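The chain contents come next:
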Amino acid sequence: MSVHDVDVLMIGAGPANLALAVALEECGVPGLAASSMIIEQHQDVKWQRNLLLSWTRSQVSYLKDLVTLRNPRSRFSFLNFLHERGELDEFVNLGTFHPYRWQLSAYQQWVADSLERVRVRYGRRAEQILPVRADDGTVLGYGVTLTDGDYVFCRDLVFGAGRDAYVPGVFGALPTERVVHSSQYGSRVPAAVDLARPGRPLRPVVVGGAQSAAEMFMALHEHAPGSSPTMLLRSIALKNYQTSKFVNELFFPSFVDEFFAMPEQVRAQVLREMHLTNYAGLAEPFLDELYTMIYRQKMLGQPVSTVRGLTEVVGARVEAAPDGGEEVVLDVRDLRDGSVEQVRCDAVFVGTGYDPQMPAMVRRLADAMDLPKIVVDRNYRVDLGAHARGALYLQGVNEDTHGISDSLISVLAQRSADIAGDIADRHAEEPADDAVPATRAAVMPA
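One structure accompanies this document, and this report is about it. Keep in mind that this is a model prediction, so the values were computed, not measured.

## Side note on the overall build of the protein chain
Working step 1: The helix and strand inventory of the protein chain stands at 14 helices and 15 strands.
Working step 2: The C-alpha radius of gyration of the protein chain comes to 24 Å, within 12% of the 22 Å expected for a compact globule of 446 residues.
Working step 3: Each principal axis of the C-alpha atoms in the protein chain carries an extent, and together these give about 75 × 55 × 45 Å.
Working step 4: Among the 446 residues that make up the protein chain, the fraction classed as buried is 50%.
Working step 5: Residue pairs at least 24 apart in sequence account for 72% of intrachain contacts in the protein chain once pairs closer than 6 positions are excluded.

## Looking at the packing of helix H5 (residues 185–193) against helix H6 (residues 211–223)
Working step 1: Direction vectors running N to C along H5 and H6 enclose 50 degrees, while the axes themselves pass 11 Å from each other. Accordingly, the angle class assigned to the pair H5 and H6 is oblique. In this structure, H5 meets H6 at a crossing whose hand is right-handed. Contacts between H5 and H6 pair Tyr185, Val189 and Val193 from the former with Met216, Ala219, Leu220 and His223 from the latter.
Working step 2: Residue classes in the contact of H5 with H6 are distributed as 6 nonpolar, 1 polar and no charged.

## Comments concerning the sheet that holds strand E12 (residues 326–334)
Working step 1: The 3 strands are arranged E11-E12-E13 in an open sheet whose pairing can be described as antiparallel. The strands lining the two open edges of the sheet, one partner per strand, are strand E11 (311–320) and strand E13 (340–345). Averaged over all pairs of adjacent strands, the angle between strand axes in this sheet comes to 25 degrees, irrespective of strand direction.
Working step 2: As defined by bridge partners, E11 adjoins E12 across 9 bridges and the pair is classed as antiparallel. Residue pairing for E12: Glu319 is matched across the bridge by Glu327.

## Examining the nonpolar core
Working step 1: Among the nonpolar cores identified, the biggest contains 75 residues, and Tyr142 and Leu157 are the most heavily contacted of them.
Working step 2: Looking at this core element by element, the count peaks at 8 residues for helix H1 (residues 15–26).
Working step 3: If you look at the next biggest cluster of nonpolar residues, it comprises 27 residues, including Tyr185, Leu202, Met218 and Leu233.

## Some words on the environment of Arg317
Working step 1: The topology assignment puts Arg317 in strand E11.
Working step 2: Taking C-alpha positions, Arg317 is 57 Å from Glu430, a pair spaced 113 residues apart along the chain.
Working step 3: If we skip the residues at most four places from it in the chain, Arg317 touches Leu174, Glu327, Val328, Val329, Asp331 and Gln342.
Working step 4: One polar contact links Arg317 to Glu319, side chain to side chain, over a distance of 2.8 Å.

## Details of H5
Residue pairs spaced three or four apart in an α-helix point in one direction, given the helix's 3.6 residues per turn.
Working step 1: Of the positions making up H5, those classed as buried are Tyr185, Arg188, Val189 and Ala192. One face of H5 carries all of its buried residues, which in axial projection span an arc of 120 degrees.
Working step 2: Where H5 is buried, its residues meet strand E7 (179–181), H6 and strand E14 (347–350).

## Here's the deal with the packing of aromatic side chains
Working step 1: By the definition in use, this model includes 13 aromatic pairs.
Working step 2: Ring centres of Tyr100 and Trp102 lie 5.6 Å apart, and the angle between their planes is 10 degrees; this geometry places the pair in the stacked category.
Working step 3: Assessed through its relative accessible area of 40%, Trp102 is described here as partly exposed.
Working step 4: The ring centre of Phe260 lies 5.3 Å from the NZ or CZ of Arg267, which sits over that ring.

## Brief notes about the sheet that holds E7
Working step 1: Ordered by their spatial adjacency, 5 strands build an open sheet running E7-E14-E8-E9-E10, and the pairing between neighbours is parallel. Across the chains shown, the open sheet's two edge strands, defined by having one partner strand only, are E7 and strand E10 (306–308). Geometrically, the sheet is characterised by an average inter-axis angle of 20 degrees between neighbouring strands, direction not taken into account.
Working step 2: Of the pairings in the sheet, the one linking strand E9 (residues 230–232) to E10 comprises 3 bridges and is parallel in character. Within E10, the residue paired with Thr230 across the bridge is Thr306.
Working step 3: Most of the contacts of H5 go to E7, to which it runs at about 160 degrees, and overall it touches E7 and E14.

## As for the side chain of Thr96
Working step 1: By the secondary structure assignment, Thr96 is in the loop between helix H3 (88–94) and helix H4 (101–114).
Working step 2: Once residues lying within four places of it in the same chain are set aside, the contact partners of Thr96 are Arg57, Tyr62 and Phe91.

The rules we used
Residues numbered from 1 in each chain as written. Predicted model: local features only at pLDDT ≥ 70, side-chain atom pairs only at ≥ 80, totals over all residues. Heavy atoms only, no water. Helix = DSSP H or I, 4+ residues; strand = E, 2+ residues; numbered from the N terminus. Rg over C-alpha atoms; globule rule 2.2 N^0.38 Å. Buried < 20%, exposed > 50% of the residue type's maximum accessible area, 1.4 Å probe, protein only. Contact = heavy atoms within 4.5 Å. Axes fitted to C-alpha atoms, helices over the stretch in contact; angles between N-to-C directions. Parallel < 35°, antiparallel > 145°, perpendicular 65-115°, else oblique. Left-handed = near helix turned anticlockwise from the far one by under 90°. Nonpolar A, V, L, I, M, F, W, Y, C, P; charged D, E, K, R; others polar. Pairing = 2+ DSSP bridges. Core = buried A, V, L, I, M, F, W, Y, C linked by side-chain atoms within 4.5 Å. Polar contact = N/O pair within 3.5 Å; in protein donor to acceptor, adjacent residues only side chain to side chain. Arc of directions from axis to C-beta. Phe/Tyr/Trp six-rings, centres within 6.5 Å; stacked < 30°, edge-to-face > 60°. Lys NZ or Arg CZ within 6 Å of the ring centre and 35° of its normal.

Structure representation (structure tokens):
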């Protein structure tokens, strides 16, 4: 067992915390970066790990990388990554602002490897987080138990691990191996393919009408050869994102200030109007590719994959198949006339997004600190009371207060500046409390 003392602990080595790590290294505060750590549950950095398909592209410009909009001279830029790998000429020759997803994933691993002072510890997951309090209840910091048995004590905690996957309750009665969420696709699709009955290709059903569902629908043609996936969506048809330059101005980092200052009811209206800029839609080039694929199938007389709009799954169970073995039976309602039919398949792939509420880990910590409500300020810091020494920062889960771009990479660089600046200012004003070493023993397991 090892015990680590750090000023800043970041949970998750995703783009949000990597951007913050770079900002801490570049903020000019001696010792702050060297006393910061990222823990990552996997053994490496992968962006959108389980949808890291060879043909998927980022829908955001490479200039919105981890650093450029904060510090265009930073050595951690995407262009410098390409330059150091000898790949800049080829990328420039593509004439695109939209790299492949695997390129951005490799870029993020390169950033993690290039950090000089912030430590990244792989294969560690936060198992339990408890506040470290003074006698009067003031939060001084946090004690974090890791799955490998180590303990980390930090003054400031930054959550950047993303939201929890959402699987509709209608699929709750199905065996786990029969339901694959998009966040699990890459690691679980081989086992799902094995669910096909002997001598037949897999019969997959994809539920959802957004980018992740469509990517699974396309990928299954490669990963489950001979299959003809069926895609079920509630909307009338697949739609493209709203991507006009006027709308894209709402993803400027500067818009966060404007959005945060709006009355709550106006924020809600703006989020509703911006829904199709990021949710329930697809990138237009990919939408064309999907349509063309189905067109080719029809014209060449191949088994035709199906996209069915205005449908809703209202029941799901496993039954004995007429010719032996088991199969999934879905009760699918046609929203046009209310009729219900049975759709039989071997596995269900759900592209239903993520739970809109705060992640379970954050909620548990809020309960441990007796917070009746999680309130985040402009600098992404949770309100723990005026006298709190330890801070909790939340990244990527603040759409209600900071706008729809909060869960995207568009604002990473500037958000990291906001959080790093707030951390540096607080540490300069309030030196570490001598009570922390003594008080933390209360949260450290025997």
